[in-house]
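# Report on the structure
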Amino acid sequence: MTTSAYIVDAVRTPVGKRNGSLAAVHPADMGAHVIKAIVDRTGIDPEVVDDVVFGCVDTIGPQAGNIARTAWLAAGLPLGVPGTTVDRQCGSSQQAIHFAAQGVMSGTQDVVIAGGVQNMSAIPISQAMIAGQPFGFTTPTAESKGWTQRFGDQEISQFVGADMIAKKWDISRREMEEFALASHQRAKTAIAEGRFDNEYVPLGDCVVDECPRETSLEKMASLDVLAEGSQLTAAVASQICDGASATLVVSEQALKQYGLTARARIHHMSVRGDDPVMMLSAPIPATEYALKKTGMSIDDIDVVEINEAFAPVVLSWLKETGADPARVNPNGGGIALGHPLGATGAKLFATMLNELERTGGRFGLQTMCEGGGTANVTVIERLG
């Protein structure tokens, strides 16, 4: 017999821009900050936490050695509470929430903290991908006979994947730039109206999201493409940044036993895969799968958070799902607000929850593209 998984709280640091206010903060300390915030805000006794599940990508150096456990200990919290680190690439902390919820729903756990952390200023993106070069491994796949027999020696990168999506769905550079501009405009409005205030836990000088830019279609049109033959520019890609996020997931028993109030309930969780070379298209079949499993239509969803790794990811998803663009990333996305890799899943989760509460919506759906051509989907139901 399964039980429901409930969300008590979800927090995040404001996102620090590349080499910004969070750049010098150790990832363990960043993670510790959001963990302590969850404990303090909810009043949960840290001794009753069953596990800490954190997402992180490029787990080398200060992000190595099981950052979930390191962050918990750096927060000064009990030695008896364990931790584990998840790598589902960009979806790592969304998967952390799934694992936390699955532990609760199985009846084997009652209180789990899930989240993620990433300092991209300190550890540049894809450093783990090249860490094997001194040992004779040029990329994670190049020396694999099974991989090359199946996929050849073609370049595997998010840039190639984003270009493939733009071409397959006939998305123009102008469309991508218009979408990117709207992301910045929505993000600035959200910040000005204080829409993120309930999810922020400021850290040092980082008191507000630092990534939104002053830009225009004219400025975007003047940028060089990322590679010859590409339509992509830096303007239509998510930003390199730093941040951490955390969520408290509990059972119904824990709600009663510890006097907690649930803000939402996990309604559905799934993950699906697609072409690993195109890489970033999996949110489309993953969303289709999730809606079929739940018996819902896209019109039943009041708020969608889909990670803006690149503009064509969201634009192709919109074309395939027919979702109302006004309900999709209504407060901006990764193009404007940044994409701190391992922290992004739980970051988007906090934003989705707060937006449902702000607007009075019932259901929220979160999805994101991930390295390897996978995508998680989480559907939550707002309570209260």
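Residues numbered from 1 in each chain as written. Predicted model: local features only at pLDDT ≥ 70, side-chain atom pairs only at ≥ 80, totals over all residues. Heavy atoms only, no water.

### Some details on the pairing of strand S6 (residues 241–250)
- Among the 10 residues in S6, 10 count as buried, and that is most of the element.
- Both faces of S6 are covered, namely the face carrying Cys241, Gly243, Ser245, Thr247 and Val249 and the face carrying Asp242, Ala244, Ala246, Leu248 and Val250.
- Across 6 bridges, strand S1 (residues 6–12) lies against S6 in antiparallel orientation. Residue pairing across strands places isoleucine 7 opposite valine 249, the latter belonging to S6.
- As defined by bridge partners, strand S2 (residues 16–17) adjoins S6 across 2 bridges and the pair is classed as antiparallel. Of the residues in S6, the one forming a bridge with lysine 17 is cysteine 241.
- Note: strand S5 (residues 111–119) against S6, 9 bridges, orientation antiparallel. Paired with glutamine 118 across the bridge in S6 is glycine 243. (Buried < 20%, exposed > 50% of the residue type's maximum accessible area, 1.4 Å probe, protein only. Helix = DSSP H or I, 4+ residues; strand = E, 2+ residues; numbered from the N terminus. Pairing = 2+ DSSP bridges.)

### A word on the packing of helix H1 (residues 27–42) against helix H2 (residues 67–74)
- Viewed as axis vectors pointing N to C, H1 and H2 meet at an angle of 65°, and their least axial separation amounts to 7 Å. Taken together, the axes of H1 and H2 are roughly perpendicular relative to one another. Considering the relative orientation of H1 and H2, their crossing is right-handed. Across the interface between the two elements, Pro27, Ala28, Asp29, Gly31, Ala32 and Ile35 from H1 touch Ile67, Thr70, Ala71, Trp72 and Ala74 from H2.
- Looking at the contact of H1 with H2 residue by residue, the classes come out as 8 nonpolar, 2 polar and 1 charged. (Axes fitted to C-alpha atoms, helices over the stretch in contact; angles between N-to-C directions. Parallel < 35°, antiparallel > 145°, perpendicular 65-115°, else oblique. Left-handed = near helix turned anticlockwise from the far one by under 90°. Contact = heavy atoms within 4.5 Å. Nonpolar A, V, L, I, M, F, W, Y, C, P; charged D, E, K, R; others polar.)

### Some remarks on the UniProt feature "domain: Thiolase C-terminal" (unreviewed entry) in the chain
- Sites flagged by UniProt as "domain: Thiolase C-terminal" (unreviewed entry) map to residues 261–382.
- For residues 261–382, the helix share is 35%, the strand share is 25%, and the end-to-end C-alpha distance is 12 Å. (UniProt positions renumbered as here; feature names shortened; annotations may be inferred.)

### Here's the deal with the UniProt feature "domain: Thiolase N-terminal" (unreviewed entry) in the chain
- This chain's UniProt record puts "domain: Thiolase N-terminal" (unreviewed entry) on residues 6–253.
- Between the end C-alpha atoms of residues 6–253 the distance is 10 Å, and the span holds 35% helix and 15% strand.

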